[in-house]
Amino acid sequence: MTATVTTDSLTEKSDRVTSRGSGGARRRLPRIPDRIRQGGLPYLLLLPAVLLELLVHVIPMIIGIVMSFRQFTQFYINNWGGAPWSGFDNYKIAVDVNAPIGEALLHSFFVTCVFTFFAVGLAWLFGVAAAIMLQENFRGRGFLRAIFLVPYALPVYAAVITWAFMFQRDNGLVNHVLHDQLGITDQPSFWLIGDNSIYALIIVSVWKGWPFAFLIVMAGLQNIPRELYEAASIDGAGIWQQIRKITLPSLRPVNQVLVLVLFLWTFNDFNTPYVLFGKAAPENADLISIHIYQSSFVTWNFGTGSAMSVLLLLFLLVVTAVYLFITSRGRKGADA
Amino acid sequence: MPSPAQPSVLPAKTTGRSRPRSPMAAPQSFLWTRRIILTLLTGFVLLPVYVMISSSLKPLQDVSGKFHWIPSGLTIKPYIDIWDTVPLARYFVNSLIVAGAATVLSVIIAIFSAYAVSRYKFRGKRVFTVTVLSTQMFPGILFLLPLFLIFVNIGNSTGVALYGSRGGLILTYLTFSLPFSIWMLIGYFDSIPRDLDEAALVDGCGPIRALFQVVVPAAVPGIVAVAVYAFMTAWGEVLFASVMTNDATRTLAVGLQGYATQNDVYWNQVMAASLVVSVPIVAGFLLLQRYLVAGLTAGAVK
């Protein structure tokens with residue numbers, strides 16, 4: 001246990017914990033030959049992943065940051081070194097809220113925040129509710145579980161195209177129900193253009209996203225020891241109390257990760273608006289990823305697009321850091 | 001399936017007072033809440049599925065006019081026409097190749113990486129895991145532009161056509177699922193007792209043999225879960241597929257838009273095609289979903 005494990009034992013704790021249980025047998029190991037045999041092996045095993053991450057994520061990210069400081073247009077696609085430096089100009093354009101580009105970006109940012117808040121909130125709520133309601137075994141449980149996972153399994157474009165059809169003004173289901181059958185609206189409304197488009201976007205996003213929350217919470221529920229419920233039951237706690245006092249608190253760590261992941265995915269979502277609206281989203285549902293795509297590939301202004309991407313990344317980093325700080329402090333507080 | 005099933009199946013019979021051994025003796029209020037919530041969610045989930053199936057069986061004039069819950073006439077013509085309106089078969093093959101290759105490669109690479117992280121101590125381990133994981137939070141749009149430029153320029157300088165090729169897309173997709181796969185497999189490998197592969201090492205196995213003869217067989221549920229996830233990610237990706245493909249390499253994600261012509265949108269064909277591209281993946285997913293939950297439980301949710 002000695003020589004081989006010294007290098008970064010500080011960083012190790014979390015992933016060692018699970019193997020600790022089997023500790024007794026470790027002594028048998030011939031440690032010295034093991035170390036010789038190990039050599040560069042871990043690095044060799046990681047090599048493919050590292051190379052790919054470099055090629056597809058790390059290097060592009062660095063290039064993206066560099067590009068954001070250049071005057072990069074379609075003329076430089078084949079000669080990216082030739083694009084003139086422009087310092088912080090792209091950033092100034094992106095954040096200048098008095099000029100059209102900056103104003104549109106700010107608007108798009110607000111739209112994305114509102115969209116994310118409702119889409120994540122509802123997806124999380126539905127997922128948690130469904131998982132808790134399906135925690136106990138009853139007839140039809142397996143069937144419902146399978147049904148609920150269908151939106152998750154459906155390819156996003158197939159699902160969103162179907163919703164786009166349902167939201168059609170003249171031949172869609174939504175207007176048929178709201179106008180023809182229930183008479184709620186005076187006349188058939190537009191759902192994919194104009195003010196209503198944000199509602200359409202949220203509904204589709206929740207439909208597609210909540211089963212993931214359901215899946216994660218379901219997995220999380222399996223880790224709650226059954227004895228807790230038994231003990232509570234013996235003490236006379238009813239099912240609502242058990243949900244409130246055992247299930248929900250036990251889910252907290254799972255929820256924290258879940259909400260963060262949902263937030264990041266939803267905030268960055270491109271697929272849903274792109275399939276629902278096409279390349280140009282209506283103003284009211286102009287999510288930031290579509291907005292950046294539009295600025296880059298439609299108006300061919302790569303430099304500004306890159307600057308917007310970097311700003312978006314910075315925002316996400318800050319939010320994630322703050323979130324992790326708050327939740328980890330909360331967890332420490334709970335433990336103490 | 002022991003006792004807990006009973007109270008909910010026969011709610012009227014259980015008074016709630018008797019409180020059997022079941023840890024949750026459900027009162028009426030709970031049963032009704034459960035019924036309402038589950039009914040609403042089922043309706044919400046199945047609504048588009050119904051629209052997809054019923055519209056795919058309608059004649060064109062039926063989907064061009066007002067929506068009707070009940071089709072005026074059933075026809076399978078859309079299922080025949082979808083193959084001619086757009087080259088759906090080609091898109092299908094493209095998607096299959098891209099998603100299949102990305103899945104196989106990402107699973108293999110994730111197995112190696114996760115094994116290294118789970119079983120060895122080495123400098124830079126934390127940097128690796130943090131970097132890999134954090135790429136998941138970055139917006140895809142951030143990589144799209146530079147990757148597009150890298151592919152174009154690699155093509156110009158070396159003649160290796162990545163832009164517009166399936167190879168480029170495979171490369172991109174396999175990294176999308178990689179962080180999640182590595183993350184999940186680390187958790188899964190950690191839950192497999194170390195004694196197992198250490199015993200194999202003592203018996204004279206090489207580490208790679210120990211991995212494939214001991215760890216991998218024990219981690220099958222986790223590996224299946226990761227494979228399912230990787231395949232679905234690649235099968236459903238839209239952003240990179242829309243920029244990085246051309247006529248010959250177009251995947252379903254982009255190809256499905258072809259049913260909207262200038263004059264008309266063939267909604268019945270769109271729905272038929274959507275169903276055709278969804279059925280294999282939904283069926284596969286539902287068959288394997290047990291593994292996904294098992295994999296998540298061991299790997300991601302600790």
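As shown above, the structure is provided for reference.
Definitions and limits used
Residues numbered from 1 in each chain as written. Chains lettered and ligands numbered in written order. Predicted model: local features only at pLDDT ≥ 70, side-chain atom pairs only at ≥ 80, totals over all residues. Heavy atoms only, no water. Contact = heavy atoms within 4.5 Å. Salt bridge = Lys/Arg side-chain N within 4 Å of Asp/Glu carboxyl O. Polar contact = N/O pair within 3.5 Å; in protein donor to acceptor, adjacent residues only side chain to side chain. Helix = DSSP H or I, 4+ residues; strand = E, 2+ residues; numbered from the N terminus. Nonpolar A, V, L, I, M, F, W, Y, C, P; charged D, E, K, R; others polar. Axes fitted to C-alpha atoms, helices over the stretch in contact; angles between N-to-C directions. Parallel < 35°, antiparallel > 145°, perpendicular 65-115°, else oblique. Left-handed = near helix turned anticlockwise from the far one by under 90°. Phe/Tyr/Trp six-rings, centres within 6.5 Å; stacked < 30°, edge-to-face > 60°. Buried < 20%, exposed > 50% of the residue type's maximum accessible area, 1.4 Å probe, protein only. Expected span 1.5 Å × (residues − 1).

**Some points on the interface of chain B and chain A**
Facing the 115 residues of chain B at the interface are 128 residues of chain A. Taken together, the links from chain B to chain A amount to one salt bridge. Between chain B and chain A we count eight residue pairs in polar contact (both at pLDDT 80 or more) in total. Looking at which element gives the most residues to the side of chain B that touches chain A, the answer is helix α2 (residues 28–56) of chain B, with 17 residues. Among the residues making up the side of chain B that touches chain A, the classes are represented as 78 nonpolar, 24 polar and 13 charged.

**A look at the packing of helix α3 (residues 41–67) of chain A against helix α6 (residues 125–134) of chain B**
Direction vectors running N to C along α3(A) and α6(B) enclose 45 degrees, while the axes themselves pass 11 Å from each other. Considered as vectors, α3(A) and α6(B) are oriented oblique to each other. Between α3(A) and α6(B) the crossing geometry is left-handed. In this structure, α3(A) contributes A:L46, A:A49, A:V50, A:E53 and A:V58 to the contact, and α6(B) contributes B:F128, B:T131 and B:V132. Taken together, the residues that form the contact of α3(A) with α6(B) break down as six nonpolar, one polar and one charged.

**Points about the packing of aromatic side chains**
Using the criterion set out here, one finds 40 aromatic pairs over all chains in the structure. Taken together, a centroid distance of 6.1 Å and an interplanar angle of 90 degrees make the contact between A:F126 and B:F44 edge-to-face. In this pair, A:F126 sits in helix α5 (residues 100–133) while B:F44 sits in helix α2, so the two residues belong to two different chains. Here A:W240 and B:F30 contribute two aromatic rings whose centre-to-centre distance is 5.5 Å and whose plane-to-plane angle is 70 degrees, an arrangement assigned as edge-to-face. One end of the pair, A:W240, is in helix α11 (residues 239–267); the other, B:F30, is in helix α2, on a second chain. With a relative accessible area of 33%, A:W240 lands in the partly exposed category. Chaining the aromatic ring pairs together yields one cluster made of A:F126, A:F148, A:W163, A:F167, A:W191, A:W207, A:W210, A:F214 and B:F44.

**Let's talk about helix α5 (residues 88–119) of chain B**
With 32 residues, α5(B) should cover 46 Å at 1.5 Å per step; its first-to-last C-alpha distance of 45 Å lies within 8% of that length. Across the 32 residues that make up α5(B), a large majority, 23, are buried.

Read these as layout, nothing more, since geometry by itself doesn't imply function.
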